[in-house]
Amino acid sequence: MSAAPVIWRNTRIATCDAQGQRFERGALVTLGDRIEWVGPEAQLPVTASTQHDLQGYWLTPGLIDCHTHLVFAGHRAGEWRELQAGASYAQIAQRGGGILSTVRATRGASESELFAAAAARLECLLAEGVTALEIKSGYGLTLSDERKMLRVARALGQHYPVSVRTTFLAAHAVPPEFAGRADDYVAALTDEWLPALHAEGLVDAVDVFCEHIAFDVGQAARLLERAQRLQLAIRMHAEQLSNIGASQLAARCGALSCDHLEYSTVADVAAMARAGTVAVLLPIAFFHLQMTQVPPIAALRRAQVPMAVASDCNPGSAPSASLQLAMAMAARVFGLTPEEVLLAATRHAAQALGEARRGVLAAGYKADFAAWDVSGPEDISYWLGRNLCRLVVRGGVVTQGNVPA
Ligand code: DI6
Ligand code: FE
């Protein structure tokens, strides 16, 4: 039996489409998990036996957190004290702390322990109106521990009403087994691990931490070339702490996104613009690490590079499970306008994930949306630490809150 149309009415709609259409007295029609129609309520093209009154709430696409390291064990509160006392992220990493300390904890956790830890964080994101997110590996750094992380990421998408995109980030740090042999480690990733995990259906994209404290451009290029041959999407941790040419390489590989970008130049921005690469901004990491150099926002704007914003949820640089906080900080710390912030967590975030049919309220798109008790969608980034999401619909089904029929 095919699904019957469902009407969602008495709502104000921010479509987040390319024309920036908004409907003050709007309505939306869904059919199964897709949007059939969006427009002024007075022009509703159908009647339906199921109608929901959205009580005048603003409706936006479901939020999309396009860069997270949600799956990990343990925490790094001790390191945070060192950061507070003046140590740098790079210094902590260079003495074997940082990512490698979370690797030790993650290797020691079972799949079900990792699932429980990540699920608690995921529930925070879902309560904020998130309907899709990306989850990276990168705290296992053995083939079996990377597999464990990616399996947990997939399992979260099966057990919760959220769409999960997985990213293989074994090129996050050189593990102790390969100490002093980074080239050998990259060869193992390229020749064995990535093809194996891809064959198991666990990988949607490949990412590299391309930095002076992690992997150089030559090493990143070898792994990304294999990713391209496997027809996997490419992301890049680029110019977070220094500039060694990461986003230039990513752009040459047709990357979906370059992420962080504090040390990017105008030339890097031009390369991203030519390649159609999304700039993913991570203001919580910037803030937590007490950085001072902000990404080149004006240049990104001028070059019309789409800007996305994400939580970067991770225990080292962004101990937060709030996309709304990232949105609020993108406005305060990076100077994005509230309109840019809204697109950054919807349409542009979908683009960073290569999701052509998400992040916009329009016919043919996924019926993923959130209703907000706000005076306008700008309020989502205006409030700091106040969640005004009242209802979440994912794939045409109410998953949070409730509406009168
Ligand atoms: N950059 C980051 O901010 C995260 N990963 C990365 O490459 C931090 C990961 C961590 O410190 O655990
Ligand atoms: Fe990250």
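Below is a summary of the structure that appears in this document. (Residues numbered from 1 in each chain as written. Chains lettered and ligands numbered in written order. Predicted model: local features only at pLDDT ≥ 70, side-chain atom pairs only at ≥ 80, totals over all residues. Heavy atoms only, no water.)

Here we come to the site of ligand 1. Lining the immediate environment of ligand 1, one finds 14 residues, of which Arg 76, Tyr 89, Tyr 139, Gln 240 and Ser 317 sit closest. In this structure, an oxygen atom belonging to ligand 1 sits 2.6 Å away from a side-chain N or O atom of Tyr 139. Separating an oxygen atom of ligand 1 from a side-chain N or O atom of Ser 317 is a distance of 2.6 Å. Expressed as a share of its isolated accessible area of 320 Å², the protein-covered part of ligand 1 is 100%. In terms of residue class, the shell around ligand 1 is made up of four nonpolar, eight polar and two charged. (Near = heavy atom within 4 Å. Polar contact = N/O pair within 3.5 Å; in protein donor to acceptor, adjacent residues only side chain to side chain. Areas by Shrake-Rupley, 256 points an atom, 1.4 Å probe, with all protein chains shown as cover. Nonpolar A, V, L, I, M, F, W, Y, C, P; charged D, E, K, R; others polar.)

Attention now goes to the packing of aromatic side chains. One pass over the full model with this rule turns up eight aromatic pairs. With centroids separated by 5.1 Å and ring planes inclined at 55 degrees, the aromatic side chains of Phe 178 and Tyr 185 adopt a geometry described as tilted. For the residue pair Phe 178 and Tyr 185, the accessibility class agrees, reading buried in each case. Their ring planes at 65 degrees and their centres at 5.4 Å tell us that Tyr 382 and Trp 383 sit as a pair that is edge-to-face. (Phe/Tyr/Trp six-rings, centres within 6.5 Å; stacked < 30°, edge-to-face > 60°. Buried < 20%, exposed > 50% of the residue type's maximum accessible area, 1.4 Å probe, protein only.)

Moving on: the nonpolar core. Counting 106 residues, the largest nonpolar core has Leu 156, Phe 168 and Met 236 as its most contacted members. Among residues more than four places away in sequence, those in contact with Phe 168 are Ser 137, Glu 146, Leu 150, Leu 189, Trp 193, Leu 194, Leu 197, Val 203, Ala 205, Val 206 and Asp 207. (Core = buried A, V, L, I, M, F, W, Y, C linked by side-chain atoms within 4.5 Å. Contact = heavy atoms within 4.5 Å.)

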